[in-house]
Amino acid sequence: MKKTLIAALTLATAGFAQAESATYAIEPTHTYATFEISHFGVSTNRGRFDKKEGTVTLDRAAKTGRVELTLQMASINSGSAAFDKHLQSEDIFDAAKFATAKFVGDKFSFAGDKVTEVAGELTLKGKTAPVTLKAVGFGCYQSPMLKREVCGGDFEATIDRTQWGVDYGLAWGFPKTVKLVIQVEAVKQ
């Protein structure tokens, strides 16, 4: 009888833990993936990927999660058509050959119920390397318009672009480091 009760409690607890996990769809009109790189040390070039999609699975009780964010490389938008064309070229992103970049993060860190960072891997130009996105802000709210929970935040990382074979301009003094800034909101499904 005691073993049966323990087994039943274990199953009930496991079921409760699974019930805490929720899946969220990345909301593209409130999600922006951008980069910043110094231009000869006097100004900053910026670009934004306009087409993106993905999902987030979050279990705040278990302090776990998983995010998958896919960016369409041809959707780069710097505000300059000529610069966009160069960013899409073989020199930089080679968007014709590598149509997407993808971040998969499965190591979430928390402070209380707030996500503080997400570690995972970025695949860009066919190469995969680790990236940790630090949360600048994170929270969840009940959307009055959607009538569903929305979670999101601002995340940042500084990466060495040469890990992905993005070497353009190094000989002229462009830095290897690029700042990634990801603003994301995702709607509970």
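Here the structure is a predicted model, which means the values were calculated and not measured. (Residues numbered from 1 in each chain as written. Predicted model: local features only at pLDDT ≥ 70, side-chain atom pairs only at ≥ 80, totals over all residues. Heavy atoms only, no water.)

1. Section: the side chain of Ser143
Move 1: Looking at the secondary structure, you find Ser143 in the loop between β9 (127-142) and β10 (149-160).
Move 2: Among the polar contacts listed, one links the side chain of Ser143 to the backbone nitrogen of Met145, at a separation of 3.3 Å.
Move 3: From its side chain, Ser143 meets the backbone nitrogen of Leu146 in a polar contact 3.0 Å long.
Move 4: Apart from residues no more than four positions distant in its own chain, Ser143 is found in contact with Arg148 and Val150. (Helix = DSSP H or I, 4+ residues; strand = E, 2+ residues; numbered from the N terminus. Polar contact = N/O pair within 3.5 Å; in protein donor to acceptor, adjacent residues only side chain to side chain. Contact = heavy atoms within 4.5 Å.)

2. Some thoughts on the pattern of salt bridges
Move 1: Scanning the entire structure with this criterion turns up 9 salt bridges.
Move 2: Glu68 is the salt-bridge partner of Arg66, the closest N and O atoms lying 3.0 Å from each other.
Move 3: Residue class for Glu68 comes out partly exposed when judged on its relative accessible area of 24%.
Move 4: Across the pair Asp106 and Lys107 runs a salt bridge, and its minimum N-O distance is 3.3 Å.
Move 5: Relative accessible area serves as the criterion here: at 53%, Lys107 is assigned to the exposed category.
Move 6: The network of salt bridges with common partners includes Arg66, Glu68 and Lys102. (Salt bridge = Lys/Arg side-chain N within 4 Å of Asp/Glu carboxyl O. Buried < 20%, exposed > 50% of the residue type's maximum accessible area, 1.4 Å probe, protein only.)

3. A short note on the packing of aromatic side chains
Move 1: What the rule picks out here adds up to 7 aromatic pairs.
Move 2: Counting every residue linked through ring pairs, the aromatic cluster contains Phe40, Tyr168, Trp172 and Phe174. (Phe/Tyr/Trp six-rings, centres within 6.5 Å; stacked < 30°, edge-to-face > 60°.)

4. Describing the environment of Gln183
Move 1: Structurally, the position occupied by Gln183 is in strand β11 (residues 177-188).
Move 2: Distance from Gln183 to Ala33, taken between C-alpha atoms, is 6.5 Å for residues 150 residues apart in sequence.
Move 3: A polar contact of 3.5 Å, which involves the side chain of Gln183, links it to the backbone oxygen of His30.

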